[in-house]
Amino acid sequence: MRKETQDLRTNARIFQLSKCTACTFTLDLPAVHFMCMHSFHQRCLGDNEKECPECAPDYRAVAEMKKNLEQNSKSQDYFYQKVRNSKDGFSVIAEYFGKGIISKTSKKSDEAVSLADDYSNGNF
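Along each chain, residue indices are assigned from 1 in the same order as the chain's sequence is written. Thresholds applied to this predicted model are a pLDDT of at least 70 for local features of residues and 80 or more for the giving and counting of side-chain atom pairs; totals over whole chains, interfaces and linings are not thresholded and use all residues. The side-chain values count all of the structure's non-hydrogen atoms but skip hydrogen atoms and water molecules.

Chemist: Mind showing me how you'd approach the environment of serine 39 here?
Modeler: Relative to the elements of secondary structure, serine 39 occurs in strand 2 (residues 39-41). Put simply, serine 39 and leucine 17 are 22 residues apart on the chain and 6.6 Å apart in space, counted from C-alpha to C-alpha. Residues count as neighbours in contact if any of their non-hydrogen atoms are within 4.5 Å of one another. Residues in contact with serine 39, not counting those within four places in the same chain, are Leu17, Lys19, Cys20, Thr21, Leu27, Val32 and His33. A polar contact is formed between the side chain of serine 39 and the side chain of histidine 33, at a distance of 2.6 Å. Here a helix means four or more residues in a row that DSSP labels H or I, a strand means two or more in a row labelled E, and each is numbered from the N terminus. The definition of a polar contact used here is a pair of N or O atoms within 3.5 Å, where within protein one atom must be able to donate a hydrogen and the other to accept one, and adjacent residues in sequence count solely through side-chain atom pairs.

Chemist: Looking at this model, I keep getting lost on helix 5 (residues 89-98). Mind explaining?
Modeler: Counting along an α-helix, one turn takes 3.6 residues, and residues three or four places apart therefore face a common direction. Within helix 5, burial applies to Gly89, Val92, Ile93 and Tyr96. With its buried residues spanning 95° around the axis, helix 5 presents them on a single face. Each residue is assigned to one of three classes by its accessible area relative to the maximum for its type, calculated with a 1.4 Å probe on protein chains only: buried under 20%, partly exposed between the two thresholds, exposed over 50%. The arc refers to the directions leading from the helix axis to the C-beta atoms.

Chemist: Can you walk me through the packing of aromatic side chains in this structure?
Modeler: Here a ring pair, both rings aromatic, is described through the centre-centre distance and the interplanar angle of the planes. Aromatic pairs are defined between Phe, Tyr and Trp rings, using the six-membered ring for Trp, whenever the two ring centres lie within 6.5 Å; interplanar angles under 30 degrees are classed as stacked, those over 60 as edge-to-face, and all others as tilted. Under the criterion given, the structure shown has 1 aromatic pair. Aromatic pair phenylalanine 34 and phenylalanine 40: ring centres 5.9 Å apart, planes at 80°, arrangement edge-to-face. Looking at phenylalanine 40, the relative accessible area reads 2%, which means it is buried.

Chemist: Just checking my understanding: could you explain the pattern of salt bridges for this structure?
Modeler: A side chain with one charge can pair with a side chain of the opposite charge if their charged atoms come near. We define a salt bridge as a side-chain nitrogen of Lys or Arg found within 4 Å of a carboxyl oxygen belonging to Asp or Glu. Applying the stated criterion across every chain, the model contains 4 salt bridges. The salt bridge partner of lysine 3 is aspartate 7, with a shortest N-O separation of 3.2 Å. Of this pair, lysine 3 and aspartate 7 both sit in helix 1 (residues 2-10), 4 residues apart, which is roughly one turn of the helix. By relative accessible area, lysine 3 is classed as exposed at 61%. Residue lysine 82 is joined to glutamate 95 by a salt bridge in which the shortest nitrogen-to-oxygen separation is 4.0 Å.

This is the structure we're talking about:
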């Protein structure tokens, strides 16, 4: 993902779609190309489209899930309860790290690592 981000920052992206994603007619100018590789006639987008209408619902759903997880992660009691009630508490901790809810440098990260140590040492 870091390599892809670096490529987006430093390399040109070639857009080769010949049809509008919305109406499927041949693209003509003015056209709008999104980094997700969808392309649209400007008239098919509307006035204020700054996001790809094809990808935006998925992005919003993921953003909403992350927001909910972040809210839940702020509650230490919820986090500890989830670990304690899980058959595999370490997978809960890994899930939080994997989704970026607990960063490697945060205080919560230190608490999660401590919790993982407790779990692996049989302190639950």
